[in-house]
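Here is how the chains run, residue by residue.
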Amino acid sequence: MIILGVTDSITSGAAIVIDGRIVAAVSEERLNRQKMSMGFPALSIAEVMRIAGVRPEDVDRVAVATVELFWRPKAVPCEDYFRSERGDFRDTFLSFGSRISTLVGDSATARRAYHRLKSALTRTRRKAIPAALEQEFGITAPVKFLDHHLCHAASAYYTAGHSEATVITQDGAGDGLCSEVFHVKDGKFSLLQKLDSYDSVGNYYAYVTHLCGFKAHRHEGKITGLAAYGEPEYLDLLRRFVKYDGKSIQNIGRCFDHSAVRKLERALPKGFSRENLSASAQLLLEESVASFCDYWVRQTGVGHLGLAGGVFANVKLNQRVHELSSAKSVFVHPGMGDEGLAVGAALFLHAQ
């Protein structure tokens, strides 16, 4: 059984899994030399097939990570995530949702309407990818679109080496969510919790990245570094936006995306310390996500913990999770961001 895995989000790429074994995996940025490229990964698909010695007619199934995503026929580099409110169609849509959020807050009805609208607007991609695979590569195998966070979870579970594990994902957003929690035993995934993308603490870390003058969803590592030179002076301020209630993480700021950036900027004092804001965001992330992980490990009673999603690129957070008394072992998938989704999608579909 030969599975081609594809991801066209940040960072796009492809993978080949043969009989459950990862034979090749490549990110588009490594080939077009454009950092964090997002869009249809044509170069990666060609390269993994070359490495694996697979012909188009050999591919049995195609696993595409993420169901709802705006179609980009060609991979382009991801620049500052908050670069503009009047850029392409995606930027305009996010700007619209951002402005509405300040009026309706965390209304469940508004969230459902937002996600339904996005699903309708991204339907084109679900037809475009199979067509591109056939036209550009001659691949006519059935194409399966898989949930973004399920692919993250699969990437961690199938490479961690434990038959039973608690698997937790955390990122900015994917398929309308920022987190899913699974108890996985012998390959059976049982979903225990999911958090709406509106409640993403990872996004708040990105807002801080932007406010400190860096590129959101690209330079978060700079915030982790700056945090070591500051004090959490603004932690109480950030807690007015993000709350951990003992079971889940909640956005209580009545804002997201561009509106959250503006609201945070107004709440901060003029001439705020970048180091202290970074330290505050880092501590907020560690406290909320580590507590979230601890709660769910104790709920499952399974101490082997698998992690994936861009939030777990934060090494200080991972250290905090590693120190949890509830965790027997902690495995962070090396492609914890979207670059690992193609592998996770292919492994999951093969297991099915």
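Structure shown above.
Residues numbered from 1 in each chain as written. Predicted model: local features only at pLDDT ≥ 70, side-chain atom pairs only at ≥ 80, totals over all residues. Heavy atoms only, no water.

Trainee: Describe the packing of aromatic side chains, and please don't skip the residues or the numbers.
Mentor: The geometry of an aromatic ring pair comes down to the distance between the two centres and the angle between the two planes. Within the structure shown, the criterion is met by ten aromatic pairs. Summarising the aromatic geometry, the rings of F40 and W71 are spaced 5.9 Å apart at their centres and angled 55° between planes, so their arrangement reads as tilted. A residue pair is termed long-range when its members are at least 10 positions apart, and F40 in the loop between strand 4 (37–38) and helix 2 (42–52) and W71 in the loop between strand 5 (61–65) and strand 6 (76–77) qualify at 31 residues. Aromatic pair Y295 and W296: ring centres 5.0 Å apart, planes at 90°, arrangement edge-to-face. The class of W296 is buried, set by a relative accessible area of 6%. Through a chain of ring-to-ring contacts, three or more aromatic side chains come together here, namely Y157, Y158, F182, F189 and F348. (Phe/Tyr/Trp six-rings, centres within 6.5 Å; stacked < 30°, edge-to-face > 60°. Helix = DSSP H or I, 4+ residues; strand = E, 2+ residues; numbered from the N terminus. Buried < 20%, exposed > 50% of the residue type's maximum accessible area, 1.4 Å probe, protein only.)

Trainee: So, the sheet that holds strand 10 (residues 188–196): which residues are in play, and what are the values?
Mentor: Across the sheet, five strands lie side by side as 10-9-8-13-14; this open sheet has mixed pairing. Strand pairing shows two members of the sheet lacking a second neighbour, strand 10 and strand 14 (329–332), which therefore form its edges. Taking the axes of each pair of neighbouring strands and ignoring which way they run, one obtains an average angle of 20° across the sheet. Packed on one face of the sheet, helix 6 (residues 148–160) meets strand 8 (164–174), strand 9 (177–185), strand 10, strand 13 (304–308) and strand 14 and runs near 145° to strand 8. (Pairing = 2+ DSSP bridges. Axes fitted to C-alpha atoms, helices over the stretch in contact; angles between N-to-C directions. Contact = heavy atoms within 4.5 Å.)

Trainee: Explain the packing of helix 7 (residues 201–211) against helix 11 (residues 274–300) to me, using residue names and the numbers behind them.
Mentor: For the pair helix 7 and helix 11, interaxial distance at closest approach is 10 Å and the crossing angle is 175°. Considering the angle they form, helix 7 stands roughly antiparallel to helix 11. Counting all contacts with helix 7, which are made through V201, Y205 and V208, the residues of helix 11 involved are L277, A281, Q282, L284, L285, S288 and V289. In the contact of helix 7 with helix 11, the residues fall into eight nonpolar, two polar and no charged. (Parallel < 35°, antiparallel > 145°, perpendicular 65-115°, else oblique. Nonpolar A, V, L, I, M, F, W, Y, C, P; charged D, E, K, R; others polar.)

Trainee: If you had to explain unusual backbone geometry to someone new, which residues and values would you point to?
Mentor: Trans is the common state for peptide bonds, and a negative phi is the common state for residues other than glycine. Here I10 and T11 are connected by a cis peptide whose omega angle stands at -10°. Summarising the element assignment, T11 is placed in the loop between strand 1 (2–7) and strand 2 (13–18). The phi torsion at M36 lies on the positive side, around 55°, for a residue other than glycine. Checked against the element boundaries, M36 lands in the loop between helix 1 (29–32) and strand 4. Note on M36: relative accessible area 12%, which makes it buried.

Trainee: Which residues make up the pattern of salt bridges, and what are the values?
Mentor: Pairs can form between side chains of opposite charge whenever their charged atoms are close. Under the counting rule described, the total for this entry stands at ten salt bridges. Where D236 meets R239, a salt bridge forms, and the shortest distance between an N and an O atom there is 3.4 Å. By relative accessible area, which is 56% here, D236 ends up exposed. Overall, the relative accessible area of 36% leaves R239 in the partly exposed class. (Salt bridge = Lys/Arg side-chain N within 4 Å of Asp/Glu carboxyl O.)

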